[in-house]
Structure formats: C-alpha cells, structure tokens
Amino acid sequence: MERRWSEEQIRHALEGLEGWRYDDGRIERVFEFATYADGVAFATRIFLLSEKQNHHPDAVCVLWKKVGVAYTTHDVGGVTERDLKAATMINLLYQRFTD
C-alpha cells in the first residue's frame, strides 16, 4: 500500500514542479490556453493519460481558457508519490501541447 506523504515532503517536492501548489490535502494547478477549445483538448488528454496510468485526478475543471487539475490519493487520505508523478506527466503534456 502506498504511503501518504507529509506536508513537508509535499512542499519540498513541489519546489521542482512548476505551477503546482499544495492546498487542503491535495496538489493543484491551473493551466492557461489561447482558446477554450485548446483547454478542452488538453483536459481530454489528461483523461486519456489518467486511464493509462490507472490514477485519476481528484478534479479536472474546464474554465474559459483555463483548466484546473487536482490530485490526491483517496484510499490513503492524502498526497502520495503517484500524485506527484501524475503532476509531472501533466506538466510534460502541457509543455508539448503549448510548444
């Protein structure tokens, strides 16, 4: 079983993970896009990636030219290594998407 990370471990890990922050037991980030359609397309890619990883976001919120994403591991009641790995993959996806 995975182990929940301490707040100190999470904050330290987030120092190297652009744009993500820790709040209320989960990590989250808002991504910005040139158009609403770009945001929807990015959210769809997040859904496909999460299926491949078998680790799904706590929330994906499509807004006007923005997509908010949050992760926590519910079965351990907090943030785990899997959440940080997923956030890293989404940052890489965003880089490729916006290049």
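Everything that follows concerns the structure shown earlier in this document.
Remember, predicted model here, so these are calculated numbers, not experimental data.

Engineer: Explain the pattern of salt bridges residue by residue, including any values.
Structural biologist: Opposite charge on two side chains makes pairing possible when the charged atoms of those side chains draw close. Enumeration over the complete set of coordinates arrives at seven salt bridges. Two residues, D23 and R21, come together in a salt bridge whose shortest N-O distance is 3.9 Å. The exposure class of R21 is partly exposed, given its relative accessible area of 46%. Three or more residues are tied together by salt bridges with common partners; here these are R21, D23, R26, E28 and D58.

Engineer: I'd like to hear about the pairing of strand β2 (residues 26-32), residue by residue, with values.
Structural biologist: Bridge count for strand β1 (residues 21-23) against β2 is three bridges, and the pairing is antiparallel. When the sheet's bridge partners are listed, Y22 is paired in β2 with I27. The hairpin formed by β1 and β2 contains two residues between the paired strands, and D24 there has a positive phi angle of roughly 55°.

Engineer: Tell me what's going on with the nonpolar core, and back it up with residues and numbers.
Structural biologist: If you look at the biggest cluster of nonpolar residues, it comprises 23 residues, and the most contacted ones within it are L14, W20, I27, F31, F42, V69 and I90. Elements represented by at least two residues in this core include exactly α1 (7-14), β2, α2 (36-53), β4 (66-71) and α3 (81-98). A total of seven residues in this core trace back to one element, the largest contributor, which is α3.

Engineer: Give a description of the environment of H55 that names residues and reports values.
Structural biologist: With respect to the secondary-structure elements, H55 resides in the loop between α2 and β3 (59-63). When the C-alpha positions of H55 and Q95 are compared, they lie 21 Å apart, and in sequence the two are 40 residues distant. Only 3.5 Å separates the side chain of H55 from the side chain of R82, close enough to count as a polar contact. Of the polar contacts made by the side chain of H55, one reaches the side chain of D83; its length is 2.7 Å.

Engineer: Report on the packing of aromatic side chains, specifying residues and quantitative values.
Structural biologist: This structure, assessed with the given rule, holds 10 aromatic pairs. Measuring from ring centre to ring centre gives 6.1 Å for W20 and F31, while their planes differ by 75°; the resulting arrangement is edge-to-face. Of this pair, W20 sits in the loop between α1 and β1 while F31 sits in strand β2; the two residues are 11 residues apart in sequence, bridging distant segments of the chain. Both residues of the pair, W20 and F31, belong to the buried class. With 5.1 Å between their ring centres and 55° between their planes, F31 and F42 make a pair best called tilted. Separated by 11 residues along the polypeptide, F31 in strand β2 and F42 in helix α2 bring together distant segments of the chain. Each member of the aromatic cluster is reached from another via a ring pair, and the members are W20, F31, F33, F42, Y71, Y94 and F97.

Cut-offs applied
- Residues numbered from 1 in each chain as written.
- Predicted model: local features only at pLDDT ≥ 70, side-chain atom pairs only at ≥ 80, totals over all residues.
- Heavy atoms only, no water.
- Salt bridge = Lys/Arg side-chain N within 4 Å of Asp/Glu carboxyl O.
- Buried < 20%, exposed > 50% of the residue type's maximum accessible area, 1.4 Å probe, protein only.
- Pairing = 2+ DSSP bridges.
- Helix = DSSP H or I, 4+ residues; strand = E, 2+ residues; numbered from the N terminus.
- Core = buried A, V, L, I, M, F, W, Y, C linked by side-chain atoms within 4.5 Å.
- Polar contact = N/O pair within 3.5 Å; in protein donor to acceptor, adjacent residues only side chain to side chain.
- Phe/Tyr/Trp six-rings, centres within 6.5 Å; stacked < 30°, edge-to-face > 60°.

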